[in-house]
Every structure is written in structure tokens, then in C-alpha cells.
Amino acid sequence: MNKLFSTGLRWIWLVLVVIVIDFASKQWVMNNMQLHETQPLIPFLNLFYAHNYGAAFSFLADKGGWQRWFFAGIAVAIVVSLLVMMYRNDARHKLTNIAYALIIGGALGNLFDRAYHGFVVDFIDFYVGNWHFATFNIADCGICIGAALIVLEGFLSPKSKQAAPKV
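Rules and cut-offs
Residues numbered from 1 in each chain as written. Predicted model: local features only at pLDDT ≥ 70, side-chain atom pairs only at ≥ 80, totals over all residues. Heavy atoms only, no water. Axes fitted to C-alpha atoms, helices over the stretch in contact; angles between N-to-C directions. Helix = DSSP H or I, 4+ residues; strand = E, 2+ residues; numbered from the N terminus. Left-handed = near helix turned anticlockwise from the far one by under 90°. Contact = heavy atoms within 4.5 Å. Nonpolar A, V, L, I, M, F, W, Y, C, P; charged D, E, K, R; others polar. Pairing = 2+ DSSP bridges. Phe/Tyr/Trp six-rings, centres within 6.5 Å; stacked < 30°, edge-to-face > 60°. Buried < 20%, exposed > 50% of the residue type's maximum accessible area, 1.4 Å probe, protein only. Expected span 1.5 Å × (residues − 1). Salt bridge = Lys/Arg side-chain N within 4 Å of Asp/Glu carboxyl O.

Participant: Help me understand the packing of helix H2 (residues 12–32) against helix H4 (residues 94–117), please; the structure alone is not making it clear to me.
Facilitator: Axis angle and axis distance: for two packed helices, these are the angle between their axes and the distance between the axes, and together they describe the pair. The N-to-C vectors of H2 and H4 enclose an angle of 40 degrees; their axes lie 8 Å apart at closest approach. Judged by the twist between their axes, the crossing of H2 over H4 is right-handed. Each of Leu14, Val15, Val18, Ile19, Asp22, Lys26 and Met30 in H2 lies in contact with H4, whose residues at this interface are Ile98, Ala101, Leu102, Ile104, Gly105, Gly106, Leu108, Gly109, Asn110, Phe112, Asp113 and His117. The residue makeup of the contact of H2 with H4, split by class, is 11 nonpolar, 5 polar and 3 charged.

Participant: I keep staring at the sheet that holds strand E3 (residues 120–128) and nothing clicks. Help me out?
Facilitator: By way of backbone hydrogen bonds, the strands of a sheet pair with one another, either parallel or antiparallel. With antiparallel pairing, the 4 strands of this open sheet are ordered in space as E1-E2-E3-E4. Edge positions in the sheet fall to strand E1 (38–42) and strand E4 (131–132), since each of these pairs with one other strand and no more. Sheet strands in contact with H2 are E1, strand E2 (45–52) and E3, and its direction is about 90 degrees off that of E3.

Participant: Help me understand the packing of aromatic side chains in this model?
Facilitator: Note on aromatic pairs: each is described by the distance of the centres and the angle between the planes. Taken as a whole and assessed by the stated rule, the structure comprises 6 aromatic pairs. Ring plane angle 45 degrees and centroid distance 6.5 Å describe the contact between phenylalanine 44 and tyrosine 127, whose orientation is recorded as tilted. Note that phenylalanine 44 is positioned in the loop between E1 and E2 and tyrosine 127 in strand E3, a separation of 83 residues in sequence. A residue is classified by how much of its surface remains accessible, and tyrosine 127, at 18% relative accessible area, is buried.

Participant: It is not clear to me how helix H5 (residues 138–156) should be interpreted in this structure. Could you clarify?
Facilitator: Between its terminal C-alpha atoms H5 stretches 26 Å, which fits the 27 Å expected from 19 residues at 1.5 Å a residue. Listed in full, the buried residues belonging to H5 are Ala139, Asp140, Gly142, Gly146, Leu149 and Glu153. Looking at the buried residues of H5, the elements they touch are H2, H4 and E3.

Participant: What is the right way to read the pattern of salt bridges from this model?
Facilitator: Scanning the model with the defined rule gives 3 salt bridges in all. A salt bridge links aspartate 22 to lysine 26; its shortest N-O distance comes to 2.8 Å. Of this pair, aspartate 22 and lysine 26 both sit in helix H2, 4 residues apart, which is roughly one turn of the helix. Just as aspartate 22 is buried, lysine 26 falls in that class too. Here the salt bridges do not stand alone but share partners, grouping Asp22, Lys26 and Asp113 into one network.

Printed below as a string of C-alpha cells:
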């Protein structure tokens, strides 16, 4: 067990935090709002209850249902791959492990929706004037923040950690 805590899996608790916050927020929206209802929060931000049958930006949302299992399969593959990477990572690589945990939590949050409901519950509506960004959820935030952290880590990592020149 001590070996497990010396790996990136030490950060697995963050996966659970993302899943719980995502699930609770989606449950609140489904229990307190009607589909397509808007509730203004602050300037530039509304709650807007929507069902997303596709992926990001409703990609493939209108393709008849096969995409549900396609995106579920992708999510499972990503989760398994990142769990393996976390296991192989040292626990001290905090930024990378946090990034992986956020992505896993987000992927699982949306996977649960897709498997149970057949769609993903989206409800965060960011806008400027009449322009609205694609509606999203907490799981999507975890995925995007995790991806941004991976890019940031690439800029912050010392040259010695980067790939050695091929001989």
C-alpha cells in the first residue's frame, strides 16, 4: 500500500471530488430547472439546462445514437490510460498528477451521464452580449483545466526532463 501512495495514484481523491461536485451540480439542475430553462446568475453567466447527446460543442449530437457508445468507449480508454500513467508517475509530480486526476474525474462524470441518461447534462452558459459559448458542466471544467495544466507543465518542466536527443 505504501508503494501505491508513492505513485501518482496518491491524487485519486481529486477524481472523486470532481465526480461528486459534478454529480451534485447536475442533480440540482435536473431537480430544480426545466429543460432549456435559463436562470441568470451574474453578468456574463447563466444557468441553462441542456441535454448534450454529442461531445464537445454538441459534436455528432444528431447522429442517431451510435455516438453515445463511441464517446463512452473513448472515455473509458482515456481513463484507463491516465490511471496507468498516474500509477507510473511519482507522487511528487503534483501538477501532472493533478491534471490527470481532473481529466479522469471529468471524463467519468460525463461517462456516467452518457451511460445512465443517454446524454450529458450541461448547464453553465457563459456569454458576452449576444454571443454564447457552448453550454458546459463541471466535468467539462475538470477536463479543460486538466488539459491546460498539462500544457502549462510542458512550459514549466526543466530542459533535463524533456526528451533526450536521439543517438
